[in-house]
Amino acid sequence: MAPRRPPELYRAPFPLYALRVHREAGLALIGGGGGAAKTGIKNGLHFLQLDWRGGDLSASLLHAHDTETRATMTMALAGNIIAAGQDATCHILNFHLQKPSQKGGTGDCAPSKASGDEKGPRRRKAPPASGPGSTSDTRKETNEVTVETLHCVQTDTSPDALQKAVCFSDDHTLLATGGVDGFLRVWEFPSMKKTLEFQAHNGEIEDIALSPDNKVVTVGRDFQCCVWQRDQLVTGLHWNENLPGIPDKAYRYQACRFGTVEDQAKALRLYTVQIPYKRERRPPPCYITKWDGHSFLPLLTRPCGNEVISCLSVSDTGTFLGLGTVTGSVAIFVAFSLQRLYYVREAHGIVVTAVGFLPETPQLLKDNDAALLSVAVDSRCRLHRIPCRRSFPVWLVLLLCAGLLVGTVLLLQLAFPGFL
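Residues numbered from 1 in each chain as written. Predicted model: local features only at pLDDT ≥ 70, side-chain atom pairs only at ≥ 80, totals over all residues. Heavy atoms only, no water.

> When you look at the packing of aromatic side chains in this model, what are you seeing that I'm missing?
The relation between two aromatic rings is expressed through the spacing of the ring centres and the mutual angle of the planes. Counted according to the given criterion, the structure contains eight aromatic pairs. Seen from their ring centres, Trp239 and Tyr287 are 5.1 Å apart, and the 40° between their planes marks the pair as tilted. Residue Trp239 is located in the loop between β17 (232-236) and β18 (251-261), and its partner Tyr287 is located in strand β20 (residues 287-292); the two are separated by 48 residues in the primary sequence. For the pair formed by Trp239 and Tyr287, the shared burial category is buried. Plain terms: the ring middles of Phe258 and Phe296 are 6.5 Å apart, the flat faces sit at 75° to each other, and that makes the pair edge-to-face. Of the two residues, Phe258 sits in strand β18 while Phe296 sits in the loop between β20 and β21 (298-303), which places them 38 residues apart along the sequence. For Phe258, a relative accessible area of 16% translates into the label buried. By the ring-pair criterion, three or more aromatic residues cluster together here, those being Trp239, Tyr251 and Tyr287. Directly above the aromatic system of Tyr343 lies the positively charged group of Arg340, at a separation of 4.3 Å from the ring centroid. (Phe/Tyr/Trp six-rings, centres within 6.5 Å; stacked < 30°, edge-to-face > 60°. Helix = DSSP H or I, 4+ residues; strand = E, 2+ residues; numbered from the N terminus. Buried < 20%, exposed > 50% of the residue type's maximum accessible area, 1.4 Å probe, protein only. Lys NZ or Arg CZ within 6 Å of the ring centre and 35° of its normal.)

So this is what it looks like as structure tokens:
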């Protein structure tokens, strides 16, 4: 039986493109907007407080940060630091959680006087948002959020400039960005001094992943997936080298993510998604490939359905993979075998732009093996859960086996007197 339509946690007043989950604070950060076009669609970054209430996960609006005329298209987190890709720039934001105000009212304060460049921190009263899980204001018993802009750097210089990918290193000392111009730019953090800038692809960079030893994996629209050590090419990946029936330019890489291996501290995996280059009446399948994260040799490749994949996420422990599609479907796969464990067709009405797993903590997972959030251009944030599998205690299994054995012997004795 197919899973029921996943619950809607939140509905934003603008299309959603970016999603990140803050592990320690239990926050979901979602961003998007209508851009600079004068359509009346706002741009913003919303902070959602995740809580379990009555056996259901809820997401209540904690703070709405106005991004003026810029829609947030990509986002990365490093503690309380947000790297938000907006148009051709990357905005580095620092947010603070404060205890509830002791004064009367809702605990919100009026926006401070600031220019469009956001010279200093400011708090804004959250605008009303419709739909389940939304609230009309920030309640005074919840935390308050202040957001401060630290830096703003240009990350793309093409005529149709747009930053399409951003990623922090594991130790939060480097930030990598890529966009339409095909250049990989690496910045020191927190100074945001540019340390590398070179053309990694002949065309748009779709995704970026940084390994623990700061190798950079880039995915481009030029059919290439490259591994870089600074500006030196380490290797180019060839996912179909063991699949001779698939021509080189029939597929292009869409996404890449590193993941750990549970119970193997030194092991590392890289996951890539390959989608058909051309649309056909009978669409061919997309593929997931699992690579050794140190040698970059392919370990396993499996088809993942005929819907075109739009985004990829890996759970904290590297146990699960989350996928979204351009037709609005969401799936969860087992990372070890690349077998599909969960699938909801058209969970959203349009392309899924980002997916992210909840941190694997008892406070957020409760009685689930995994929980995945998805956002889409339809402005909705939905929850996808894999409940814990029921298991019998070992002592009960042994007791049942012993009872079965005794029962079998007694039946044989009744059927064949003198059997014993």
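Next, the rest of the story.
> What should I look at first to understand the nonpolar core in this one?
For soluble globular proteins, nonpolar side chains are generally found buried alongside one another. Core analysis: the largest hydrophobic core is formed by 24 residues, its most contacted members being Leu50 and Leu373. Listing elements by their share of this core, those giving two or more residues are β1 (8-11), β2 (16-22), β3 (27-33), β4 (43-53), β5 (56-66), α1 (362-365), β27 (368-376) and β28 (380-387). If sequence neighbours within four positions are ignored, Leu50 has contacts with Gly26, Leu27, Ala28, Leu57, Ser58, Ala59, Leu358, Leu364 and Leu373. (Core = buried A, V, L, I, M, F, W, Y, C linked by side-chain atoms within 4.5 Å. Contact = heavy atoms within 4.5 Å.)

> I would appreciate a short explanation of unusual backbone geometry in the present structure.
Of all residues except glycine, most have a negative phi; of all peptide bonds, most are trans. Cis geometry is found at the peptide bond from Phe189 to Pro190, where omega equals 15°. You can see Pro190 is positioned in the loop between β12 (183-188) and β13 (194-199). One non-glycine residue, His172, lies in positive phi territory at about 65°. With respect to the helices, strands and loops of the structure, His172 is situated in the loop between β10 (163-168) and β11 (174-179). His172 gets classed as partly exposed once you look at its relative accessible area, which sits at 34%. Of note, Glu346 is a non-glycine position whose phi angle comes to about 50°, a positive value.

> Is there a simple way to think about the confidence of the model for the chain in this case?
Interpreting fine coordinate detail is not advised for predicted regions of low pLDDT. For the chain, the average pLDDT comes to 88, and 87% of its residues sit at 70 or higher. Ignoring residues within four places in sequence, the model shows residues 102-130, a span with pLDDT below 50, making 62 contacts including any to other chains. pLDDT under 50 marks residues 133-140. Its contacts with residues more than four places away, or in other chains, come to 30 contacts. (pLDDT = per-residue confidence, 0-100.)

> Sorry, what's going on with the pairing of strand β14 (residues 205-210) here?
Along a regular strand, successive side chains alternate from one face of the sheet to the other. The element β14 is largely enclosed, with a buried count of six among its six residues. Strand direction decides the pairing type here: β14 and strand β15 (residues 216-220), joined by five bridges, are antiparallel. Bridge assignment links Ala209 to a residue of β15, and that residue is Val217. Hairpin connection of β14 to β15: five residues between the antiparallel strands, including Asn214 at a positive phi of 65°. (Pairing = 2+ DSSP bridges.)

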